[in-house]
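# Descriptive structure summary
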Amino acid sequence: MAEQYRPVKGALKRLQLGAWIVDAESGVLTQGETSVRVRPKVMDLLAALAERPGELWSKAPLIARVWPDVVVSDVSLSVLVVELRKILGDDPKSPRFIETIPRRGYRLIAPVSRIEAVRITHFALASAKDRVLLREGENLIGRDAEAGVRIDSILVSRRHSLIVVTLDSATIEDLDSKNGTYLNGKRLEEAELLSHGDRITLGRLAMSYRFVIIDDEATLTEASKVFPSEG
């Protein structure tokens, strides 16, 4: 059985490291279309270094962090550093990610920033073709490239309507769109509270969704089958 990565306690879960996206929970590094799954100990090393970017990690504390229950030598740490450098495409003679401080330890010199997780709720929009989970907070619907629910139709405004999700409820409002937002056949004039099964139509003929509340036992696919698009 393959060894499963478990983040070191206190480690960052998801971060930007130079051009790389590091997902510590899955043990995957991504850059553009390239994804690399790394060994658990390699991710432990990277996660530790990333907690203190620019600061020196002495070898002994770093070894104790990566191997908390095992006694290993400096050689094991060196091998791990070489493996991580190879994955990152780093040159030890001219490092961009990991700098070796002779006889002392290592430090991460690449820029690091935390990527905040987007909280997905148990609310979704379901149609015959699309199934979109809604995030907590604002969910913009329209042709805008930044829209969470993007619809490529000239009948839909760039910023057509907005669904605002809280922990246990969701509301929808029209954003002064040209062709209107309709809730259960009625054009919206103000923000309305959404209920399971509500039909949302954008631009009257452009796109129709059902608002779905997914319980712990229902999958998104199952929910969309219950309420297929009618338009």
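This text goes with the structure placed above it.
Heads up: these notes are all about the structure in this document. The shown structure was predicted, so the numbers you read here are calculated from the model rather than taken from an experiment. (Residues numbered from 1 in each chain as written. Predicted model: local features only at pLDDT ≥ 70, side-chain atom pairs only at ≥ 80, totals over all residues. Heavy atoms only, no water.)

## Some words on the overall build of the protein chain
Across its full length, the protein chain carries four helices and 19 strands. Taking all 231 residues of the protein chain together, the buried fraction comes to 40%. Considering only contacts within the protein chain whose residues lie at least 6 apart along the sequence, 42% involve residues at least 24 apart. When the accessible area of the protein chain is evaluated, it comes to approximately 13600 Å², of which 49% is carbon and sulfur surface. (Helix = DSSP H or I, 4+ residues; strand = E, 2+ residues; numbered from the N terminus. Buried < 20%, exposed > 50% of the residue type's maximum accessible area, 1.4 Å probe, protein only. Contact = heavy atoms within 4.5 Å. Areas by Shrake-Rupley, 256 points an atom, 1.4 Å probe, with all protein chains shown as cover.)

## Description of the pairing of strand 2 (residues 20-23)
Successive side chains on a regular strand alternate, one facing one side of the sheet and the next facing the other. Side chains Trp20 and Val22 of strand 2 all project onto a buried face; the interleaved residues Ile21 and Asp23 project onto a face where none is buried. With four bridges connecting them, strand 1 (residues 14-17) and strand 2 associate as antiparallel partners. Residue Arg14 lies in a different strand from strand 2, and its bridge partner there is Asp23. Relative to strand 3 (residues 28-31), strand 2 is paired through three bridges, and the arrangement is antiparallel. Each residue of the ladder has a partner; that of Asp23, found in strand 3, is Val28. Here strand 2 folds back onto strand 3, and the loop between the two strands holds four residues, one of which, Gly27, carries a positive phi near 75 degrees. (Pairing = 2+ DSSP bridges.)

## Description of helix 1 (residues 40-51)
Taking 1.5 Å per residue as the helical rise, helix 1 with its twelve residues ought to reach 16 Å, and the 17 Å between its terminal C-alpha atoms agrees with that figure. Most of helix 1 sits out of view: ten of its twelve residues are buried. Buried within helix 1 are the following residues: Pro40, Val42, Met43, Asp44, Leu45, Leu46, Ala47, Ala48, Leu49 and Ala50. (Expected span 1.5 Å × (residues − 1).)

## Side note on unusual backbone geometry
Of note, Asp176 is a non-glycine position whose phi angle comes to about 55 degrees, a positive value. As for its position among the elements, Asp176 is in the loop between strand 14 (170-174) and strand 15 (181-183). Of note in the backbone geometry, Asn184 takes a positive phi value of approximately 55 degrees without being a glycine. Looking at the secondary structure, you find Asn184 in the loop between strand 15 and strand 16 (186-187).

## A word on the side chain of Arg85
The residue Arg85 is located in helix 3 (residues 74-88) in this model. Buried charged residue Arg85 carries no salt bridge. Nearest counter-charge: Asp90, at 4.1 Å. With residues up to four places along the chain from it excluded, the contact list for Arg85 reads Asp90, Pro92, Ile98, Glu99 and Thr100. (Lys, Arg positive; Asp, Glu negative; His and termini not counted. Salt bridge = Lys/Arg side-chain N within 4 Å of Asp/Glu carboxyl O.)

## Details of helix 2 (residues 59-66)
Turning to helix 2, its buried residues number three or more, namely Leu62, Ile63, Arg65 and Val66. Buried positions in helix 2, seen along its axis, are confined to an arc of 160 degrees and lie on one side of it. Residues of helix 2 that are buried make contact with helix 1, strand 5 (57-58), helix 3 and strand 7 (105-108). (Arc of directions from axis to C-beta.)

## Some thoughts on the pairing of strand 6 (residues 98-101)
Sheet topology places strand 6 next to strand 7; four bridges connect them, and they run antiparallel. In the strand pairing of strand 7, Glu99 is matched with Arg107. Where strand 6 folds back onto strand 7 in an antiparallel hairpin, the turn is made up of three residues, including Arg103, whose phi is positive at roughly 65 degrees.

## Regarding the packing of helix 2 against helix 3
At a closest axis distance of 10 Å, the pairing of helix 2 and helix 3 adopts a crossing angle of 75 degrees. With respect to their mutual orientation, helix 2 and helix 3 come out roughly perpendicular. Every residue of helix 3 that contacts helix 2 at Lys59, Leu62, Ile63 and Val66 is listed here: Asp74, Leu77 and Leu80. (Axes fitted to C-alpha atoms, helices over the stretch in contact; angles between N-to-C directions. Parallel < 35°, antiparallel > 145°, perpendicular 65-115°, else oblique.)

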